[in-house]
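Listed below, chain by chain, are the residues.
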Amino acid sequence: MSIIRRIIVKASESRWLRERAPRLGFVRGAAARFMPGEKPEDALAAARTIAESGISTLLTQLGENIAERAEAEAVVSHYLDLIERIRDANLPTEVSVKLTQLGLDLDREFCFANLTALIERSRAATAAAEKTLWIDMEQSVYVDATLELYARARKTNRNVGVCVQAYLRRTERDVEALVSMGAAVRLVKGAYSEPPEIAFPKKEDVDENYFRLAQMLLSPKARSAGVRAAMATHDGKLIAQLTEWAAAHGIAKNQIEFAMLFGIQRAEQLRLAREGYHSGVLISYGSFWFPWFMRRLAERPANVWFLVRNLFSR
Ligand SMILES: Cc1cc2nc3c(=O)[nH]c(=O)nc-3n(C[C@H](O)[C@H](O)[C@H](O)COP(=O)(O)OP(=O)(O)OC[C@H]3O[C@@H](n4cnc5c(N)ncnc54)[C@H](O)[C@@H]3O)c2cc1C
């Protein structure tokens with residue numbers, strides 16, 4: 001990770017900045033590029049528009065590391081209601097949550113009960129209407145707990161998916177276990193700052209690992225185990241490499257799922273959908289957007305120019 005990226009990710013963790021920066025108009029203006037609004041209605045309206053192009057969506061309310069049980073309970077009731085609203089509107093939309101939003105820092109069993117409630121609400125009367133409840137992957141200290149709760153939830157529910165990060169050296173082993181379980185897996189590069197002992201520091205190594213993990217998730221073994229794999233990346237080179245590899249191995253386009261973030265690479269999202277791949281977009285909303293917005297800047301330091309442009313256009 002470059003020094004600039006590291007500084008931006010560190011800044012995303014600053015409580016001082018988190019309390020002050022979101023009040024600044026130019027910061028709010030720049031963040032608006034990556035989210036349709038702060039309210040669930042904004043996210044649902046965006047999901048409806050995006051669905052018209054044959055693209056599915058994934059909604060997440062921004063928030064992490066909550067410190068009170070009551071806050072986690074409020075998050076759960078928010079999502080229970082959201083899942084109902086998605087069903088009522090008949091949208092091709094699923095929900096993704098962070099376990100630290102559901103109380104993982106407070107009490108693992110409390111978090112598991114919250115997670116189970118959301119998975120059960122996402123289940124529907126017919127298999128066709130069943131929605132997967134996705135679990136985001138957070139910093140490396142949470143990986144063991146996240147995968148443990150995922151495996152427990154998966155024993156009784158098929159409609160639960162988990163994200164894994166290609167920058168972590170351990171992920172190949174984790175993917176092997178997930179493939180044996182026939183899991184639903186979202187593969188990302190990873191958005192946090194991690195030490196080189198546990199994460200590949202060089203982008204080439206992360207990209208290479210991503211490709212290797214994607215091949216494992218699309219292998220005949222994975223497909224016969226019922227794995228659902230979502231390749232969450234905006235990396236055009238990797239997408240080309242993967243689609244070429246899949247075509248050479250006889251994997252049909254409609255068996256491959258890509259996912260990107262709202263506001264990023266819109267033309268590519270449309271192209272993939274047009275060509276017959278599953279194309280999805282993650283829409284984030286909510287008022288707690290500062291750390292998440294900073295991670296988006298870190299992914300592409302050129303995005304800092306949006307911030308600067310917003311400052312001077314006021
Ligand atoms: C659907 C989805 C879910 C995710 N869930 C998680 C999660 O649970 N845990 C987690 O750690 N991370 C998550 N991420 C973030 C992920 O880890 C990466 O940080 C992010 O996707 C950028 O990596 P990349 O694969 O796009 O490749 P990169 O090599 O970072 O980027 C490739 C190219 O994509 C474009 N691009 C990438 N990011 C941006 C951006 N912010 N703004 C503008 N252009 C950009 C640029 O053109 C860049 O050159 C998720 C990402 C997606 C798409």
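Each chain carries its own residue numbering, running from 1 in the written order of its sequence. Totals for whole chains, interfaces and linings use every residue, but because this is a predicted model, local features are given only for residues with pLDDT of at least 70 and side-chain atom pairs only at 80 or more, for both listing and counting. Hydrogen atoms and water are omitted, and side-chain values are computed over all heavy atoms in the structure.

Peer 1: Before we move on, could you go through the nonpolar core and cite the residues and values that matter?
Peer 2: Side-chain atoms within 4.5 Å link the members of a nonpolar core, which is a set of buried Ala, Val, Leu, Ile, Met, Phe, Trp, Tyr and Cys residues. Residue burial is assigned from relative accessible area. The probe radius is 1.4 Å, only protein chains are included, and a residue is buried under 20% of its type maximum, exposed over 50%, and partly exposed in between. Judged by nonpolar contacts, the single largest core of 83 residues is most densely connected at Leu102, Leu115, Leu118, Leu187, Leu217, Met231 and Ile283. Core analysis: the second largest hydrophobic core is formed by 24 residues, Ala11, Trp134, Phe290 and Trp292 among them.

Peer 1: Tell me about the site of the ligand, residues and numbers included.
Peer 2: Neighbouring residues of the ligand: 27 residues in total, closest Lys189, Gly190, Thr233, His234 and Glu299. In the analysis that follows, any N or O atom pair within 3.5 Å is treated as a polar contact, provided that within protein one partner can donate a hydrogen and the other can accept it, and provided that, for residues neighboring in sequence, both atoms belong to side chains. Within the side chain of Thr233, one N or O atom sits 2.6 Å away from an oxygen atom of the ligand. A distance of 2.7 Å separates an oxygen atom of the ligand from a polar side-chain atom of His234. Expressed as a share of its isolated accessible area of 920 Å², the protein-covered part of the ligand is 89%. Residue assignment for the shell around the ligand shows that the elements contributing at least two residues are β4 (160–165), β5 (184–188), β7 (257–261) and α13 (290–299). Secondary structure elements follow DSSP: runs of H or I of four or more residues count as helices, runs of E of two or more count as strands, with numbering from the N terminus. The element best represented in the shell around the ligand is β7, accounting for three residues. Throughout, near means a residue has at least one heavy atom within 4 Å of the molecule or strand. The method behind every accessible area is Shrake-Rupley, applied with a 1.4 Å probe, and residues are considered shielded solely by the protein chains displayed.

Peer 1: An account of the packing of aromatic side chains is requested, with residue identities and associated values reported.
Peer 2: Within 6.5 Å between ring centres, the rings of Phe, Tyr and Trp (the latter by its six-membered ring) count as paired, and their orientation is classed by plane angle as stacked under 30 degrees, edge-to-face over 60, tilted in between. A full pass over the atoms with the stated rule returns two aromatic pairs. Taking 6.3 Å as the distance between ring centres and 45 degrees as the angle between the ring planes, the aromatic pair formed by Phe34 and Phe293 counts as tilted. Here Phe34, found in the loop between α3 (25–31) and α4 (40–51), pairs with Phe293, found in helix α13; they are 259 residues apart in sequence, far enough to count as distant. Each member of the pair, Phe34 as well as Phe293, carries the same accessibility label: buried. Note on Phe258 and Tyr277: the rings are 5.7 Å apart at their centroids and 75 degrees apart in plane angle, and the pair reads as edge-to-face. With a gap of 19 residues between them, Phe258 in strand β7 and Tyr277 in the loop between α12 (266–274) and β8 (278–285) connect regions that are remote in the sequence. For the pair Phe258 and Tyr277, a shared accessibility class is recorded, and that class is buried. Directly above the aromatic system of Phe110 lies the positively charged group of Arg69, at a separation of 4.0 Å from the ring centroid. By the criterion adopted, a ring carries a charge over it if an Arg CZ or a Lys NZ lies within 6 Å of its centre and within 35 degrees of its normal. The side chain of Arg152 reaches across the aromatic face of Phe112, ending 4.2 Å from its centre.

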